[in-house]
Amino acid sequence: MFGSAPYAYDLAEGWGSLPPGASLTQIPAVACDSQDRVYVFSRSDHPLMVFDRDGAFLHEWDPSHFEDSHGIFIDRHDNVWLTDRGTHLVYKFDPTGNLLMTIGTPNKSTEDGGMFNRQTDVGIASTGEIFVSDGYVNPYVHKFAPDGTHLKTWGEPGDGPGQFNVVHGVRVARQDRVWICDRENHRIQIFDADGTFIEQWGDMNRPNTVFFDPNDDIVYVAELLHRVRIFTLKGELISEWGDGQPSDT
């Protein structure tokens, strides 16, 4: 068992029945839709596979869109947003895999405020505005209108408020507060929807992503160094597991 009651979990060993010949290798992101379907985004020959909640394989999407899978987010309409850091693109698909929108220029990376360079993740506000964390090379957060029109960019290198070192994840919480996993600064920074700094959570072990419980004021933080922690939105730690230490591999 992992964590502590009431936030305690058991390992479901053997979950997920893969189609013949498929393997997952690295899995940078997983998300669930409103029907409890599980979307697994992997760096494999089968980059986007969909399972039911019990692990039964349902279908997979056309792999031709993807070169280097990274981030996934499913919005309240079950649209699936994917970031591919190899092609420097952000995709929006409907739940059946039909491409609805592409943001970015295929196979073109930019710096100095441009979009994108190995971008990492997508978050959607209640207004439908789109936030992209960009990323491994650029120290930026980009904001777009719901139709993909660029609205603004903020960020610069450093470790002060509004500065970043590997902008690894973005999610939008209540009141449209934008949470950014500033991974190599070992913290999460929180902004309003216009990019104004509000506060930061430090003492993280290279945070990769966060998840907000839609039914409670609870936030889950996944850290690169083998730790998951669960907090209230006020920052109170209520459960954790993992040692927070690097592996030998």
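For the structure itself, consult the block above.
These numbers come from a predicted model, not from an experiment.

**Focus: the overall build of the protein chain**
Counting its regular elements, the protein chain contains zero helices and 22 strands. What you see for the protein chain is a C-alpha radius of gyration of 17 Å, in line with the 18 Å of a compact globule of 249 residues. Each of the three principal axes of the protein chain carries a C-alpha extent, and together these read 45 × 45 × 40 Å. Considering the protein chain as a whole, with its 249 residues, one finds that 50% of them fall into the buried category. For the protein chain, the share of sequence-separated contacts (at least 6 apart) that also reach a separation of at least 24 residues comes to 35%. Of the roughly 12,100 Å² of accessible surface on the protein chain, 47% is carried by carbon and sulfur atoms.

**Some thoughts on the state of the cysteines**
Per the counting criterion, the structure on display carries zero disulfides. Cysteine Cys32 remains unbridged, with the sulfur of Cys181 as its closest cysteine sulfur at 18 Å. Under the relative-accessibility criterion, Cys32 is labelled partly exposed at 47%. Given the relative accessible area of 1%, Cys181 is considered buried.

**A few points about the nonpolar core**
Grouped together as the largest cluster of nonpolar side chains are 15 residues, with contacts concentrated most on Tyr39, Leu48, Trp61, Ile72, Val80 and Leu82. At the level of elements, strand 3 (26–32), strand 4 (38–43), strand 5 (48–51), strand 7 (69–74), strand 8 (80–84) and strand 9 (89–93) are the ones that each hand at least two residues to this core. The contact partners of Leu48, leaving out residues within four places of it in the chain, are Tyr39, Val40, Phe41, His59, Glu60, Trp61, Phe66, Ile72 and Leu82.

**A closer look at the sheet that holds strand 8**
One open sheet accounts for four strands, arranged 7-8-9-10; its pairing is antiparallel. Whereas interior strands pair on both sides, the edge strands pair on one side only; in this sheet they are strand 7 and strand 10 (99–103). For this sheet the average axis-to-axis angle between neighbouring strands, irrespective of direction, equals 20°. Relative to strand 9, strand 8 runs antiparallel, the two being bridged by five bridges. Each residue of the ladder has a partner; that of Asp84, found in strand 9, is Leu89.

**What about the sheet that holds strand 17 (residues 187–191)?**
Ordered in space as 15-16-17-18, the four strands form an open sheet in which the pairing is antiparallel. Looking at which strands have only one partner, the edges of the open sheet turn out to be strand 15 (167–172) and strand 18 (197–201). The mean inter-strand angle of the sheet, taken between neighbouring strand axes irrespective of direction, is 20°.

**Some points on the environment of Gly113**
Locating Gly113 in the fold gives a position in the loop between strand 10 and strand 11 (121–124). We classify Gly113 as partly exposed; its relative accessible area is 31%. Taking the C-alpha atoms as reference points, Gly113 and Tyr140, 27 residues apart in sequence, are found 7.2 Å from one another. Once residues lying within four places of it in the same chain are set aside, the contact partners of Gly113 are Tyr140, His142 and Thr153.

**Some details on unusual backbone geometry**
Put simply, Ala5 and Pro6 share a cis peptide bond, and its omega is 0°. Summarising the element assignment, Pro6 is placed in the loop between strand 1 (2–4) and strand 2 (7–9). Here the bond from Asp134 into Gly135 is cis, since omega is 5°, no more than 30 degrees from zero. Within the fold, Gly135 resides in the loop between strand 12 (130–134) and strand 13 (140–144). Positive phi, normally seen in glycine, also occurs at Thr25, with a value near 45°. When you line up the elements, Thr25 lands in the loop between strand 2 and strand 3. Using a relative accessible area of 57% as the deciding quantity, one classes Thr25 as exposed.

**Looking at the pattern of salt bridges**
According to the stated counting rule, one finds 14 salt bridges in the structure shown. Residues Asp36 and Arg53 are paired through a salt bridge, measuring 2.9 Å at the closest nitrogen-oxygen approach. You can see Asp36 sitting in the loop between strand 3 and strand 4 and its partner Arg53 sitting in the loop between strand 5 and strand 6 (57–60), a full 17 residues away along the chain. In this structure, Arg171 and Asp121 form a salt bridge, with 2.8 Å as the shortest nitrogen-oxygen distance. Taken as a pair, Arg171 in strand 15 and Asp121 in strand 11 lie far apart in primary sequence, 50 residues in all. Take Arg171 and Asp121: they sit in the same class, and that class is buried. A cluster of three or more residues bridged by salt bridges with shared partners is formed by Glu223, Arg227, Arg229 and Glu240.

Conventions and cut-offs
- Residues numbered from 1 in each chain as written.
- Predicted model: local features only at pLDDT ≥ 70, side-chain atom pairs only at ≥ 80, totals over all residues.
- Heavy atoms only, no water.
- Helix = DSSP H or I, 4+ residues; strand = E, 2+ residues; numbered from the N terminus.
- Rg over C-alpha atoms; globule rule 2.2 N^0.38 Å.
- Buried < 20%, exposed > 50% of the residue type's maximum accessible area, 1.4 Å probe, protein only.
- Contact = heavy atoms within 4.5 Å.
- Areas by Shrake-Rupley, 256 points an atom, 1.4 Å probe, with all protein chains shown as cover.
- Disulfide = S-S within 2.5 Å.
- Core = buried A, V, L, I, M, F, W, Y, C linked by side-chain atoms within 4.5 Å.
- Pairing = 2+ DSSP bridges.
- Axes fitted to C-alpha atoms, helices over the stretch in contact; angles between N-to-C directions.
- Salt bridge = Lys/Arg side-chain N within 4 Å of Asp/Glu carboxyl O.

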